[in-house]
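Each chain is listed here by its residues.
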Amino acid sequence: MTLQRPTKRTLVEQIVAQLEQLIENGTWPVGERIPAEPELVKELGVSRNTIREAIHALIHAGLLRTRQGDGTYVCSASSLKPVLTRRLERSKLSETLEVRSALEQEGARLAARRRTPEDTGKIRSAYEACIQAEASGDIELHVQADYAFHKEIIAAAHNSILSDLYDSISEAVLQVVTYGSSRLCLLQLHSEFNARLVESIANRDEDRAAEAVREYINASRSILLQDTQGGNEQHHE
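What counts as what
- In this numbering scheme, every chain counts its residues from 1 along its sequence in written order.
- Only residues with pLDDT of at least 70 get local features here, since the model is predicted, and only at 80 or more are side-chain atom pairs given and counted; chain-wide, interface and lining totals rely on the full set of residues.
- The side-chain quantities take in all heavy atoms of the structure and omit both hydrogens and water.
- Axes, fitted as lines to C-alpha atoms, cover a helix only where it is in contact. Angles between the N-to-C directions of the axes lie from 0 to 180 degrees.
- Secondary structure elements are defined from DSSP: runs of H or I of at least 4 residues count as helices, runs of E of at least 2 residues count as strands, and each element is numbered from the N terminus.
- Angles are sorted into four bins: roughly parallel if under 35 degrees, roughly antiparallel if over 145, roughly perpendicular if 65 to 115, and oblique for all others.
- For any pair of crossing helices, the crossing counts as left-handed if the nearer helix is rotated counterclockwise from the farther one by less than a right angle, and right-handed if it is rotated clockwise.
- The criterion used for residue contact is that any of the two residues' heavy atoms lie within 4.5 Å.
- Three classes are used: nonpolar for Ala, Val, Leu, Ile, Met, Phe, Trp, Tyr, Cys and Pro, charged for Asp, Glu, Lys and Arg, and polar for all others, with Gly counted as polar.
- What counts as a ring pair is set by centres within 6.5 Å for rings of Phe, Tyr and Trp (its six-membered ring), and what kind of pair is set by the plane angle: stacked under 30 degrees, edge-to-face over 60, tilted for all other angles.
- By definition here, charges over rings are those cases where NZ of Lys or CZ of Arg is within 6 Å of the ring centre and within 35 degrees of the ring normal.
- Working definition of a nonpolar core: buried Ala, Val, Leu, Ile, Met, Phe, Trp, Tyr and Cys residues. They are joined through side-chain atoms within 4.5 Å.
- Only protein chains enter the area calculation, which uses a 1.4 Å probe; residues under 20% of their type maximum are buried, those over 50% are exposed, and those in between are partly exposed.
- Pairs of strands are assigned from DSSP output, requiring at least two bridges between the strands.
- Only one rule defines a salt bridge in this text: a Lys or Arg side-chain nitrogen within 4 Å of an Asp or Glu carboxyl oxygen.
- Each direction from the helix axis to a C-beta atom contributes to the arc, which is the arc of those directions.
- The term polar contact refers here to a pair of N or O atoms within 3.5 Å; inside protein, the definition further demands a hydrogen-donor-capable atom paired with an acceptor-capable atom, and it admits residues adjacent in sequence only when both atoms are side-chain atoms.

Visitor: Break down the packing of helix H2 (residues 37-44) against helix H3 (residues 48-60) for me, with residues and values.
Guide: Contact pair H2 / H3: the axes reach a minimum separation of 9 Å and the direction vectors enclose 110°. The angle between H2 and H3 falls in the class roughly perpendicular. For the crossing formed where H2 meets H3, the hand is right-handed. In contact with Glu 37, Pro 38, Leu 40, Val 41 and Leu 44 of H2, H3 contributes Arg 48, Ile 51, Arg 52 and Ile 55. For the contact of H2 with H3, the per-class residue count stands at six nonpolar, no polar and three charged.

Visitor: Explain the packing of aromatic side chains residue by residue, including any values.
Guide: Summed over all chains, the structure comprises three aromatic pairs. Look at Tyr 147 and Tyr 166: their rings are 5.7 Å apart centre to centre, the planes differ by 10°, and that puts the pair in the stacked class. Of this pair, Tyr 147 sits in helix H7 (residues 139-156) while Tyr 166 sits in helix H8 (residues 160-168); the two residues are 19 residues apart in sequence, bridging distant segments of the chain. When the ring centre of Tyr 73 is taken as reference, the NZ or CZ atom of Arg 67 above it lies at 3.8 Å.

Visitor: An account of the nonpolar core is requested, with residue identities and associated values reported.
Guide: Judged by nonpolar contacts, the single largest core of 22 residues is most densely connected at Ile 123, Phe 149, Ile 153, Leu 197, Ile 201 and Ala 209. Going through the elements one at a time, helix H5 (93-114), helix H6 (117-136), H7, helix H10 (184-202) and helix H11 (206-224) are the ones with two or more residues in this core. The residues touching Ile 123, leaving out its near neighbours within four places in the chain, are Phe 149, Glu 152, Ile 153, Ala 156, Val 198 and Ile 201. Ranked by size, the runner-up nonpolar core spans 16 residues in total, among them Val 12, Ile 15, Ile 34 and Leu 40.

Visitor: Tell me about the pairing of strand E2 (residues 71-74), residues and numbers included.
Guide: Two strands pair when backbone bridges link them, and strand E1 (residues 64-67) and E2 are joined in this way by four bridges, in the antiparallel orientation. Paired with Thr 66 across the bridge in E2 is Thr 72. Linkage of E1 to E2, two consecutive antiparallel strands, is achieved through a turn of three residues, within which Gly 69 is found at a positive phi near 75°.

Visitor: Lay out the pattern of salt bridges in plain terms, naming residues and giving numbers.
Guide: All chains considered together, the criterion is met by 13 salt bridges. Arg 48 serves as the salt-bridge partner of Glu 37, at 3.0 Å between the closest nitrogen and oxygen. One end of the pair, Glu 37, is in helix H2; the other, Arg 48, is in helix H3, with eleven residues separating them in the sequence. A salt bridge links Glu 215 to Arg 196; its shortest N-O distance comes to 2.9 Å. Of the two residues, Glu 215 sits in helix H11 while Arg 196 sits in helix H10, which places them 19 residues apart along the sequence. Judged by relative accessible area, which is 28%, Glu 215 ranks as partly exposed. Residues joined in a network through salt bridges with shared partners are Glu 37, Arg 48 and Arg 52.

Visitor: Explain unusual backbone geometry to me, using residue names and the numbers behind them.
Guide: You will see that His 158, though not glycine, has its phi angle at about 55°, which is positive. Considering the arrangement of structural elements, one finds His 158 in the loop between H7 and H8. On the basis of relative accessible area, His 158 is assigned to the partly exposed category, the value being 46%. Phi is positive for Arg 204, which is not a glycine, with a value near 60°. Topologically, Arg 204 is positioned in the loop between H10 and H11.

Visitor: How would you explain H8 if you had to name every residue and give the values?
Guide: Among the residues of H8, those classed as buried are Leu 162, Tyr 166 and Ser 168. Along the long axis of H8, the arc covered by the buried residues comes to 160°, so they all point the same way. Capping of H8 at its N-terminal end is provided by Asn 159; its side-chain oxygen lies 3.1 Å from the backbone amide nitrogen of Ile 161.

Visitor: Before we move on, can you summarise the packing of H6 against H7 with the specific residues and values?
Guide: Direction vectors running N to C along H6 and H7 enclose 165°, while the axes themselves pass 8 Å from each other. Considering their axes alone, H6 and H7 lie roughly antiparallel with respect to each other. Seen along the crossing, H6 lies across H7 with a hand that is left-handed. For the pair H6 and H7, the contacting residues are Asp 119, Lys 122, Ile 123, Ala 126, Tyr 127, Ala 129, Cys 130, Ala 133, Glu 134 and Ser 136 in the first and Leu 141, His 142, Ala 145, Asp 146, Ala 148, Phe 149, Glu 152, Ile 153 and Ala 156 in the second. Its residues placed into classes, the contact of H6 with H7 shows twelve nonpolar, two polar and five charged.

Structure follows, in structure tokens:
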């Protein structure tokens, strides 16, 4: 095997890296239109073709989207999310549940170990919002509140890669929660396990926190997969 000498990054790659950093650190938030080409050319001191190539690369990566006659907008804060979203669209429900279980179990375990008093307060507030949303009977509100609750737990794990991964599967998680929210028996189990999860994290009980997630996901799998006929699962739409 012949080793190749490393080469310096091209100018386009350097511009891509700068623009990507602006997106990832929130300087250019999701939904915002980025500066027009002439402005970027002037500020970066490069040619229009270089800017166009860099923007095209970020569009291909799923971070930017062009609206005809209106400009280019940020559509994702991470190139990981579009890739995983496309992959999860081709996955079975059971596979999504398994991925969610893996991430949330470890997130709960780490949250129990690392949570701060401020984290605990946020988790409790998010849990109360779930209870209120459930009582309102508004399924969409409950789905969003439940996702926000689990995001607070993942945040309390204080692992940036885990947080990015969880954000990247958000669409799949929301879809699964939506499925479950239409089933009263699962909603009741969810409230019970979430209450146990909150207290386990507050008490720094790592094993019990992970167990609460595992038992709820297992219950979800048993109930939701009953909807499939003949054992053939539906892929995400």
